[in-house]
Amino acid sequence: MDLNSTNASPVLTDPSPLNESRLGIHSSLFPYSQSGPSFSTSVLSIPRKKPPKLDDGRSNSWLEAMRSSSPPRKKILKEVNIDVSSDDADVAYLSWMIKYPSALNCFPQIMRQARNKQIVIFLDYDGTLSPIVDDPDRAFMSNEMRSAVSNVAKYFPTAIISGRSRDKVYELVGLPELYYAGSHGMDIMLPVENMLATNDANCIKATDQQGKEVNLFQPARKFLSMIDEVFRTLVEKTKDIKGAKVENHKFCTCVHYRNVDQKNWSVVGEYVVDVLKGYPRLRLTHGRKVLEVRPEIDWDKGKAVEFLLESLGFSDHKDVLPIYIGDDRTDEDAFKVLRGKYNGYGILVSTIPKESKACFSLKDTSQVKKFLESLAKTRQVEEEDTGERS
C-alpha cells in the first residue's frame, strides 16, 4: 500500500436523492415526524471559501487559518447574508437543512436504503459522542450515550475513528466490543485473526486492555520518535503561554489554543511553524481551535474507513451501508469516501450552517444519541418480529 502519494482524491458526485416511501417498520420507532419542518423555497447558499492551508511555514497563512478554524456564529451568518438576530439564525439553520436534512427526520428513508444490507457504524468522538469542552481531558461521554453506542454495537459493527490516541479514546469510551482507530486512523486495532492486517507490512501484534492478542495497523509507525520529539519540544516552547495545551496523540501532536488569549494566538502559531521547519516530513493542519502536527503520508479518516470495511469483510459495496457520524473537518475525508463507491451516508453534527460532503445532519450530541437509539430499536424489533414468524 503506497502511503506517500500526495495525489488529491477525485471529486465525487452526490448519491441519488432518496424517494419517500412507506417502510415495513413500526411507526413508533420514527424519532421525529417524517414530514420534517417546512421551509421556504429559497435555498441558502453557503460560501465555499476554503480556509488557508497551514503547510507553508514561509507565510502567515497559518494565523488566518487559526482565526477561521472556529469562527463565531455571528461571523458565519454574516457571510451568508443573514442578520444576526436569534430568529434569523434559526432561519439560516433551517434553510441549510434543505441541503443537509436531519438524519432523524429522514430515518425511514435511511432504513429503506439499508434493506438487505449490513449497516456498519463509524463514529467520531469529540463533538459527536461528547460535547466540545474547554479542557479536552474533560470531554466525557454520558452514561446514556455509552449505553446507546453499546446497544448499536449489538446489532451493527461499530468503530470509533478519532484524532485522539487510540488508547485515550478507548479509555474515554470504555466499550471493548467496538473497533478503535486513533490518530485520525493512523492507529487501528483489529482482531488477531484478521488476515488482511496480518499480511500487511504496517501491521504488528500487540495486547489489548483485556490481555487479548490483537493486530495493530500503523501506517505511520516510523514517525513515532519524530512525533514524540516534536511533542516534547512544543511542550517546552509553549509552557509560558497561559491556556495553551499540547497533547501527544501518538501519531500526531496537537496544540490547543481554545483557552489562549487571542492576542497570543500568533505566538502559538509561530512556535509551531518554527519547530516544524526542522521536520520536512511532517505537516501542519488545523481543527477546532487546535493545530495538529501529522506525518506527511497519504492517509486520513477516509482511508481508515476503507481499510476497516475491507478488513471486516465488507469490501462488496452492494451488501453494505456504512454510516459515518462526525463534526470535524477531518471527518470530511470519510464523508467523501462514503459518497463514492459505497453509496453510504455521512452525517454532519453541527449547530451552524457550513459546507460538507455529508448527506444528512444532526444538531448536537443529544440528537446523535437519539439516532443511535433508533437504529438499535429498529433492528431489535425486526429480530423480534422474525422470531415470532419462525
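Sequence positions are assigned chain by chain, starting from 1 and proceeding in written order. Two thresholds apply to this predicted model, a pLDDT of at least 70 for residue-level local features and 80 or more for giving and counting side-chain atom pairs, whereas whole-chain, interface and lining totals are computed over all residues. Side-chain descriptors were evaluated using all non-hydrogen atoms of the structure, hydrogens and water having been removed beforehand.

1. A short note on the packing of aromatic side chains
For step 1, the next point in the chain: Pairing of aromatic side chains here covers Phe, Tyr and the six-membered ring of Trp, requires ring centres within 6.5 Å, and sorts the geometry by plane angle: under 30 degrees stacked, over 60 edge-to-face, intermediate tilted. What the rule picks out here adds up to twelve aromatic pairs.
For step 2, the next point in the chain: When the centroid spacing of 5.7 Å and the interplanar angle of 85 degrees are considered together, the rings of Tyr-324 and Phe-335 count as edge-to-face. Separated by eleven residues along the polypeptide, Tyr-324 in strand 11 (residues 320–326) and Phe-335 in helix 11 (residues 332–339) bring together distant segments of the chain.
For step 3, the next point in the chain: Partly exposed residues are those whose accessible area sits between 20% and 50% of the maximum for their type, while under 20% is buried and over 50% is exposed, using a 1.4 Å probe and protein chains only. The exposure class assigned to Phe-335 is buried, which follows from its relative accessible area of 0%. Labels follow the DSSP assignment, with helices taken as runs of H or I lasting at least four residues and strands as runs of E lasting at least two, numbered in each case from the N terminus.

2. So, helix 6 (residues 166–173)
For step 1, the next point in the chain: When helix 6 is considered as a whole, its buried residues turn out to be Arg-166, Val-169, Tyr-170, Leu-172 and Val-173. Within helix 6, the buried residues cover an arc of 165 degrees as seen down the axis, which keeps them to one side.
For step 2, the next point in the chain: The contact criterion used is simple: two residues touch if any of their non-hydrogen atoms lie within 4.5 Å. Here the buried face of helix 6 lies against helix 5 (143–155), strand 2 (158–161), strand 3 (179–182), strand 4 (187–191) and strand 6 (213–217). The arc in question is traced by the directions running from the helix axis to the C-beta atoms.

3. Overview of the packing of helix 8 (residues 224–238) against helix 9 (residues 265–276)
For step 1, the next point in the chain: Close contact between helix 8 and helix 9 brings their axes to 10 Å; oriented N to C, the two are set at 145 degrees. Both helix 8 and helix 9 take part in a crossing whose hand is right-handed. Of helix 9, the residues touching helix 8 (which contributes Val-230, Thr-233, Leu-234, Lys-237 and Thr-238) are Tyr-271, Val-272 and Val-275. The axes used here are C-alpha line fits, helices contributing only the stretch in contact, and every angle between their N-to-C directions lies in the interval 0 to 180 degrees. The sense of a crossing depends on the near helix, which, turned anticlockwise from the far helix by less than a right angle, makes the crossing left-handed and, turned clockwise, makes it right-handed.

4. As for the packing of helix 10 (residues 301–311) against helix 11
For step 1, the next point in the chain: Where helix 10 contacts helix 11, the axes come no closer than 6 Å and their chain directions differ by 50 degrees. With respect to their mutual orientation, helix 10 and helix 11 come out oblique. Of the residues in helix 11, those in contact with Lys-301, Gly-302, Val-305 and Glu-306 of helix 10 are Asp-333, Ala-334, Val-337 and Leu-338.
For step 2, the next point in the chain: Taken together, the residues of the contact of helix 10 with helix 11 sort by class into four nonpolar, one polar and three charged. In these notes the angle categories are as follows: under 35 degrees is roughly parallel, over 145 is roughly antiparallel, 65 to 115 is roughly perpendicular, and the rest is oblique. Polar here means any residue other than Ala, Val, Leu, Ile, Met, Phe, Trp, Tyr, Cys and Pro, which are nonpolar, and Asp, Glu, Lys and Arg, which are charged; Gly is therefore polar.

5. Here's the deal with the pattern of salt bridges
For step 1, the next point in the chain: Between Lys or Arg on one side and Asp or Glu on the other, a salt bridge is scored when a side-chain nitrogen of the former is within 4 Å of a carboxyl oxygen of the latter. The full count for this structure, using the stated rule, is 18 salt bridges.
For step 2, the next point in the chain: Across the salt bridge formed by Lys-168 and Glu-171, the nearest N and O atoms sit 3.5 Å from each other. With Lys-168 and Glu-171 both in helix 6 and three residues apart, the pair spans about one turn of that helix.
For step 3, the next point in the chain: Taking the relative accessible area as the measure of exposure, Lys-168 reaches 23% and is therefore partly exposed.
For step 4, the next point in the chain: Owing to a relative accessible area of 58%, Glu-171 belongs among the exposed residues under this scheme.
For step 5, the next point in the chain: What emerges from the salt-bridge pattern is a single network uniting Asp-124, Lys-301 and Asp-331.

6. A short note on the sheet that holds strand 10 (residues 290–295)
What holds strands together in a sheet is hydrogen bonding between their backbones, with the strands either parallel or antiparallel.
For step 1, the next point in the chain: Strand order across the open sheet formed by four strands is 7-8-10-9, with antiparallel pairing between neighbours. Both edges of this open sheet fall to strand 7 (245–248) and strand 9 (282–287), since each of them pairs with a single strand only. Across the sheet, the mean angle separating the axes of adjacent strands is 20 degrees when strand polarity is ignored.
For step 2, the next point in the chain: Judged from the four bridges that link them, strand 7 and strand 8 (residues 253–256) form a sheet pairing that is antiparallel. When the sheet's bridge partners are listed, Lys-245 is paired in strand 8 with His-256.
For step 3, the next point in the chain: Sitting on the sheet, helix 8 touches strand 7, strand 8, strand 9 and strand 10, and the angle it makes with strand 7 is about 165 degrees. Two strands are counted as paired when DSSP detects at least two bridges linking them.

7. Structural notes on the pairing of strand 2
For step 1, the next point in the chain: On strand 2, burial covers both faces: Thr-158 and Ile-160 on one face and Ala-159 and Ile-161 on the other are all buried.
For step 2, the next point in the chain: Judged from the three bridges that link them, strand 1 (residues 118–123) and strand 2 form a sheet pairing that is parallel. Its bridge partner being in strand 2, Ile-121 is matched across the sheet by Thr-158.
For step 3, the next point in the chain: Look down the strands so they point away from you; if the path from the first strand over the helix to the second goes clockwise, the crossover is right-handed. Handedness of the strand 1-helix 5-strand 2 crossover: right-handed.
For step 4, the next point in the chain: When strand 2 meets strand 3, the two strands line up parallel, connected through three bridges. Looking at strand 3, one finds that Ala-159 is bridged to Tyr-179.

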